[in-house]
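Now for the letters of each chain:
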Amino acid sequence: MDRVREKQESNFQPPTSGLQPPATDLQKSVAFVTLGCKVNQYESSALAEMFRARGYQVVDFKEKADVYVINTCTVTHLGDRKSRQLIRRAARANPGALVVVTGCYSQVSPGEVLEIPGVDLVTGTGDRSGIVEMVERVGKGQKLNAVREAREFTEFEELPAVAATGRVRAFLKIQEGCDNFCSYCIVPYARGPLKSRDPEKILEEARKLADSGYREIVLTGIHTGAYGKDKMNGPGLAALMEKLAKIQGLSRIRLSSVEPMDITGELISLLAQGPPFCPHLHIPLQSGDDSILAAMRRGYTADDIRRLVGLIREKVSDVSITTDVIVGFPGESDEHFANTYNLIRELKFTSLHTFKYSPRKGTPAAKFPNQVPPEVKEERSDRLIVLGEDLYSRFASRYLGRDVEVLAEEGAHCCPGMIQGHTANYLLVAFPGDPGLKGKFVRVSLQKLSGRLLTGGIII
Ligand code: SF4
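Everything numeric here is computed off the predicted structure, so don't read it as measured data.

The 5 strands are arranged 15-16-17-19-18 in a closed barrel whose pairing can be described as mixed. Across the sheet, the mean angle separating the axes of adjacent strands is 55° when strand polarity is ignored. Across 5 bridges, the pairing between strand 16 (residues 418-422) and strand 17 (residues 428-432) is antiparallel. The residue bridging Ile419 from the neighbouring strand is Phe431, located in strand 17.

In structure tokens, the structure reads:
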């Protein structure tokens, strides 16, 4: 699962520009705010498209709107808290507006959400294709709970595909749900069973993305690596990627996150072939201690991870392997944590996202004894963040003095007059250049590393 980073990147809002009719006085407006993972962001863009298709103007969340849609997250208690804050902000922004709450928090806690003053409609992670109709039927103050049981969602719900204009990398949702039930994870309760998307629909959307100028797609989902496991004769992840590789104009195919137990020899051989497959794997480790991994019900050991990472590095040149780690899982002692710390340092992951364990109501681990005190979680998290920064700078420094291929994405956030983009193995690079380079592959000679940013000059 693409877990949200502790620091909540930003409140994603679907682009308000692009294909929408000129505003008229009579036209209703809708504003979105989205918490959480790439799947949530992908779905908010699709929901925005559905409102546009019904004549709504999509406006910024900071603006006054007739309808507010908050797409929530519940992967940690911070997700719940932030969701409630944004719901209250919407209700205050325009007391007469319709406040619609959707996503994972409202899926698992609809009653809690409905009690928040100003909320009118609560939906979950399913039945999204009927959300505009529901909005047009519900009246202000009606407080409608339209959430169904997540385990009832057994088919992948197709939502309108959206290609935000002016970008070069797009997220492409290929599956939904998860059947793993790791003991700490609320996601299977929020997203329901594993559902793989029809491969023809995926290929169709990928072609549209390539035709509209996207050079890179990032395959995403709730349990991406399990793609196809719920379908008898359908393609698995590697076979799907081979089909995608035949699409003209698609120069890069990147995987968002793949659980260790889903990485097959087939997938590794595919990545070893090089372009369009990106040599970049995000493999959630969660812990490096066998007894904690067993309590998490992760289904692998530290030695399994050693063998897997060794094999990937042997086969896939220039590969970057990043990871997720949970600190402070119930019962985690200093010794258990040391095993995690040492494994990460030994395997030299390129970078890591650190999460402080957050008990989720309804998950087995929330009732486990020996819950770890917050200050201990904080201290362990800080130590891993420092280790992560050191590992990243060691990995990135190896590229100083080398020429690398970069997909130019946008103006550099750090420096005017510079363009930034990523290498195939996901190094962030900035170089002097003009916006006309966007969407183009350029070769850059790397000269400097400051923080997480590599800089250099274009090789003509
Ligand atoms: S249950 Fe496990 S595999 Fe499934 S989404 Fe949660 S962490 Fe990922």
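Formed by 54 residues in total, the largest nonpolar core has its most connected members in Leu219, Met241, Leu244 and Ile312. The residue makeup of this core includes at least three contributed by each of domain 2 (151-276) and domain 3 (279-398). Once residues lying within four places of it in the same chain are set aside, the contact partners of Leu219 are Leu172, Ile174, Thr224, Leu237, Met241, Leu244, Ile253, Arg254, Leu255 and Ser256. If you look at the next biggest cluster of nonpolar residues, it comprises 38 residues, including Ala31, Val113, Cys178 and Cys185.

Here we come to the pairing of strand 14 (residues 352-356). Burial analysis of strand 14 places 4 of its 5 residues in the buried class, the great majority of the element. In terms of strand pairing, strand 13 (residues 320-327) meets strand 14 through 5 bridges, oriented parallel. Pairing of Asp324 across the sheet is with His353, part of strand 14.

The next thing to look at is the packing of aromatic side chains. Evaluated as defined, the whole model comprises 9 aromatic pairs. Ring centres 5.8 Å apart and planes at 85° place the aromatic pair Phe61 and Tyr68 in the edge-to-face group. According to the relative accessible area criterion, Tyr68 is buried, its value standing at 0%. Centroid distance Phe181 to Tyr189: 5.3 Å. Interplanar angle 75°. Geometry classified as edge-to-face. Pairwise contacts between aromatic rings join Tyr184, Phe329, Tyr357 and Phe368 into one cluster. We note Arg383 situated over the ring of Tyr341; from NZ or CZ to the ring centre the distance is 4.8 Å.

Enumeration according to the criterion identifies 1 disulfide in this entry. Between the sulfur of Cys414 and that of Cys415 lies a disulfide, 2.0 Å long from S to S. What sets the handedness of the Cys414 and Cys415 disulfide is the S-S torsion sign, and at about -85° it is left-handed. Cys73 takes part in no disulfide bond, and the closest cysteine sulfur, belonging to Cys104, lies 6.4 Å away.

Cut-offs applied
- Residues numbered from 1 in each chain as written.
- Predicted model: local features only at pLDDT ≥ 70, side-chain atom pairs only at ≥ 80, totals over all residues.
- Heavy atoms only, no water.
- Pairing = 2+ DSSP bridges.
- Helix = DSSP H or I, 4+ residues; strand = E, 2+ residues; numbered from the N terminus.
- Axes fitted to C-alpha atoms, helices over the stretch in contact; angles between N-to-C directions.
- Core = buried A, V, L, I, M, F, W, Y, C linked by side-chain atoms within 4.5 Å.
- Buried < 20%, exposed > 50% of the residue type's maximum accessible area, 1.4 Å probe, protein only.
- Domains from an automatic or database assignment.
- Contact = heavy atoms within 4.5 Å.
- Phe/Tyr/Trp six-rings, centres within 6.5 Å; stacked < 30°, edge-to-face > 60°.
- Lys NZ or Arg CZ within 6 Å of the ring centre and 35° of its normal.
- Disulfide = S-S within 2.5 Å.

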